[in-house]
Amino acid sequence: MSSKILLIDDDDRFAGLVKRALLAEGYLVDIAEDGLSGLAKFTENSPDLVVLDWILPGMDGLEVCSRIRQIGTQPILMLTGKESTKDRVLGLDAGADDYMVKPYETEELMARIRALLRRTQLDQSMIYTFGDLTLDTSTRQALRNGRVIHLTAKEYDLLEIFIRNPRKVLTREVIFDRVWGYDFGGESNVLDVYIRYLRQKLESSKESKLIYTVRGVGYVLKEKE
């Protein structure tokens, strides 16, 4: 069965090019030209994946992304001309699962879409546990001692890679590749910032530490030292 993709972009020419590429890959494609109609089509048609621009008339892509994430778990790929690291972080924090900058290579866009859809299919019914921590990939919900942990999209992705690889030291390069899917730059402190956010949420009720720093290498999820 062909996957359904919702493309939200107000540039008719650009949307037409992306649609043709998606149709050539066998996807079903619907297009919305502004944020409000995009939200309406998402609610009505429940697509398997959303390709979303940032600059939209009326409601911008960040708001659209946040609202979609409140009502659905389908992957969101932001495809936009905003290219700074700060913009990428804002997009990912709003709930996007991946972020690409225009101009783009069609082959890379199709590969990222395939990867997002493949990840969604694999994660439909997996529940991981590590000590008192539970992660349900079908609902993207994390629990610790029964306490719900509210995570942003990237915090969830980080926690997922750790709980899938317990007690295994994950290098910074591996985490960047698997969680962000592109290079933020070797000197970036974005990963350290997200690790700090994740630790704060995991330990907010005075629980024991779970994520440890391996100096000069990366991080590891393990029991209390």
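Here the structure is a predicted model, which is why all the values come from computation and not from measurement.

Rules behind the numbers
Residues numbered from 1 in each chain as written. Predicted model: local features only at pLDDT ≥ 70, side-chain atom pairs only at ≥ 80, totals over all residues. Heavy atoms only, no water. Buried < 20%, exposed > 50% of the residue type's maximum accessible area, 1.4 Å probe, protein only. Helix = DSSP H or I, 4+ residues; strand = E, 2+ residues; numbered from the N terminus. Arc of directions from axis to C-beta. Contact = heavy atoms within 4.5 Å. Polar contact = N/O pair within 3.5 Å; in protein donor to acceptor, adjacent residues only side chain to side chain. Phe/Tyr/Trp six-rings, centres within 6.5 Å; stacked < 30°, edge-to-face > 60°. Salt bridge = Lys/Arg side-chain N within 4 Å of Asp/Glu carboxyl O. Pairing = 2+ DSSP bridges. Axes fitted to C-alpha atoms, helices over the stretch in contact; angles between N-to-C directions.

Visitor: It is not clear to me how helix 2 (residues 35–45) should be interpreted in this structure. Could you clarify?
Guide: Think of an α-helix as 3.6 residues a turn; residues three or four steps apart then line up on the same face. Listed as buried for helix 2 are Gly 35, Gly 38, Leu 39 and Phe 42. Along the long axis of helix 2, the arc covered by the buried residues comes to 100°, so they all point the same way. Turned more than 90 degrees away from the buried face of helix 2 sit Leu 36 and Glu 44, all of them exposed. Where helix 2 is buried, its residues contact strand 1 (4–8), strand 2 (28–32), strand 3 (49–52) and helix 3 (61–71). One side-chain oxygen at the N-terminal end of helix 2 lies 3.1 Å from the backbone nitrogen of Leu 36; it belongs to Asp 34. Once helix 2 finishes, Ser 46 follows within two positions and takes phi at roughly 45°, a positive value.

Visitor: What's the story with the packing of aromatic side chains in this structure? I'm lost.
Guide: Two aromatic rings are characterised by how far apart their centres lie and by the angle between their planes. Evaluated as defined, the whole model comprises two aromatic pairs. On the numbers, 5.7 Å between centres and 85° between planes, the contact of Phe 14 with Tyr 104 is edge-to-face. One end of the pair, Phe 14, is in helix 1 (residues 12–24); the other, Tyr 104, is in the loop between strand 5 (98–101) and helix 5 (106–122), with 90 residues separating them in the sequence. For the pair Phe 14 and Tyr 104, a shared accessibility class is recorded, and that class is buried. Seen in terms of ring centroids, Tyr 194 and Tyr 197 are 6.0 Å apart; in terms of plane orientation they differ by 75°. Their pairing is edge-to-face.

Visitor: Please clarify how the pattern of salt bridges should be interpreted in this entry.
Guide: Close approach of charged atoms lets side chains of opposite charge pair. Enumeration over the complete set of coordinates arrives at 17 salt bridges. Of the charged contacts in the structure, one is a salt bridge between Asp 9 and Lys 102, with a shortest N-O distance of 3.0 Å. On the criterion of sequence distance, the pair formed by Asp 9 in the loop between strand 1 and helix 1 and Lys 102 in the loop between strand 5 and helix 5 is long-range, its members being 93 residues apart. Taken together, the shared-partner salt bridges in this structure form one network comprising Arg 69, Asp 97, Arg 140, Lys 154 and Asp 157.

Visitor: What should I look at first to understand the side chain of Ser 3 in this one?
Guide: Summarising the element assignment, Ser 3 is placed in the segment before strand 1. Not counting residues within four places of it along the chain, the set of residues in contact with Ser 3 comprises Tyr 27, Leu 28, Asp 48 and Leu 117.

Visitor: Would you mind showing me how to read the sheet that holds strand 4 (residues 76–80) here?
Guide: Backbone hydrogen bonds are what pair the strands of a sheet, in a parallel or an antiparallel way. With parallel pairing, the five strands of this open sheet are ordered in space as 2-1-3-4-5. Unpaired on one side and paired on the other, strand 2 and strand 5 mark the two borders of the sheet. Strand-to-strand twist of the sheet, defined as the mean angle between neighbouring strand axes without regard to direction, takes the value 20°. Where strand 1 meets strand 3, four bridges bridge the pair, whose relative direction is parallel. Looking across to strand 3, one finds that Ile 5 is bridged to Leu 49. Sheet strands touched by helix 1: strand 1, strand 2 and strand 4. Its angle to strand 2, the strand with the most contacts, is close to 165°.

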